[in-house]
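Each chain, written out:
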Amino acid sequence: MPVRPAKAVAPRPVVRPVEVTDEGTGFPCPACGTANQPGRRFCRRCAAELRPAAKAAPLPWWRTVWPFRRRVRASSGGMTRFLVILLVVLALCAGGFLLLPAGRALIEDTRDKLGKAKPITPMDIAASASVPGHPAKNTMDGLSNRYWGAPGPGASVTYTFKKPFRLVDVIITNGASKEPQEYALQARALQVDLEVTAEDGTTQKKELTLSDKPGDQTIATGYSDVRKVRLVLRSAVGLTPGRHLALAEVEFFQRS
């Protein structure tokens, strides 16, 4: 029987051996130690990177605390961190400042200047001595032609208040009256010792110097938690036989 011709078959590829370059004297791999040619980027054996990027130095301890702990690109978030740091520093400075007595006094004085003062009336008035017809309560009656008469220097008057308050100002009208023709009819005290007693019993003293002229004289004080105020008359002028010290009005003002 006739035989059909066979179908042609493509020849198989022949694998030719490739010459292997000896890299025994090249750059050693940091991972496995295999030598590699200088131009290679990855190890010919384990494919590890031959020249890995240098690791960044570890952060100092203070950089591990927020907001310093982030390692960011240049100018990335720098303004935010600066503002946070500035606010923290200002808060610490303000806190330390307020803990100091001088800091608290400055804050209170600022509030006194920004606030509005209003008068306050004591619930009790007591004098160490008074001449007949001129009691100490005349200093709070609102009438400048009536006065407290004291026999001489060293006499005092004490004002007691119902509840503690912030004493901002004291207004004193010296002499027998604020009217010029009646002012010098009696002697005047040119110095007054101001003694302020707080709610906790502590006492602060201040020496006030008064002008020898009719009219109101305002003295800025700035005392907190005031319960008592004592005025002691000193440095009398015009005190001759038959005359006595006169104090027309005393007004107290508290912070509203």
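Just so you know, these numbers come straight off a predicted model, no measurement behind them.

A. Quick peek at the environment of I171. Its location among the elements puts I171 in strand β6 (residues 156-174). Given a relative accessible area of 14%, I171 falls into the buried group. Residues in contact with I171, not counting those within four places in the same chain, are D216, Q217, T218, E249, V250, E251 and F253.

B. Up close: the packing of aromatic side chains. The full count for this structure, using the stated rule, is 3 aromatic pairs. The interplanar angle of 65 degrees and the centroid separation of 5.0 Å between the aromatic rings of Y159 and F252 together place this pair among those described as edge-to-face. Of this pair, Y159 sits in strand β6 while F252 is found in strand β10 (residues 245-255), placing the two residues 93 residues apart along the sequence. Residue Y159 shares its accessibility class with F252, and that shared class is buried. Seen in terms of ring centroids, F161 and F252 are 5.3 Å apart; in terms of plane orientation they differ by 90 degrees. Their pairing is edge-to-face. One end of the pair, F161, is in strand β6; the other, F252, is in strand β10, and 91 residues separate them in sequence. Using a relative accessible area of 1% as the deciding quantity, one classes F161 as buried.

C. Highlighting the environment of K213. Within the element layout of this structure, K213 appears in the loop between β8 (203-209) and β9 (216-237). Put simply, K213 and T173 are 40 residues apart on the chain and 9.2 Å apart in space, counted from C-alpha to C-alpha.

D. Structural view of unusual backbone geometry. The backbone phi angle of A47 is positive, close to 65 degrees, even though this residue is not glycine. Relative to the elements of secondary structure, A47 occurs in the loop between β2 (35-36) and α1 (78-99).

E. Examining the side chain of S177 more closely. Within the secondary structure, S177 is located in the loop between β6 and α3 (180-183). A distance of 3.5 Å separates a polar atom in the side chain of S177 from the backbone oxygen of S144. Among all residues touching S177, those that are not within four sequence positions of it are S144, N145, E182, Y183, P214 and A248.

Analysis parameters
Residues numbered from 1 in each chain as written. Predicted model: local features only at pLDDT ≥ 70, side-chain atom pairs only at ≥ 80, totals over all residues. Heavy atoms only, no water. Helix = DSSP H or I, 4+ residues; strand = E, 2+ residues; numbered from the N terminus. Buried < 20%, exposed > 50% of the residue type's maximum accessible area, 1.4 Å probe, protein only. Contact = heavy atoms within 4.5 Å. Phe/Tyr/Trp six-rings, centres within 6.5 Å; stacked < 30°, edge-to-face > 60°. Polar contact = N/O pair within 3.5 Å; in protein donor to acceptor, adjacent residues only side chain to side chain.

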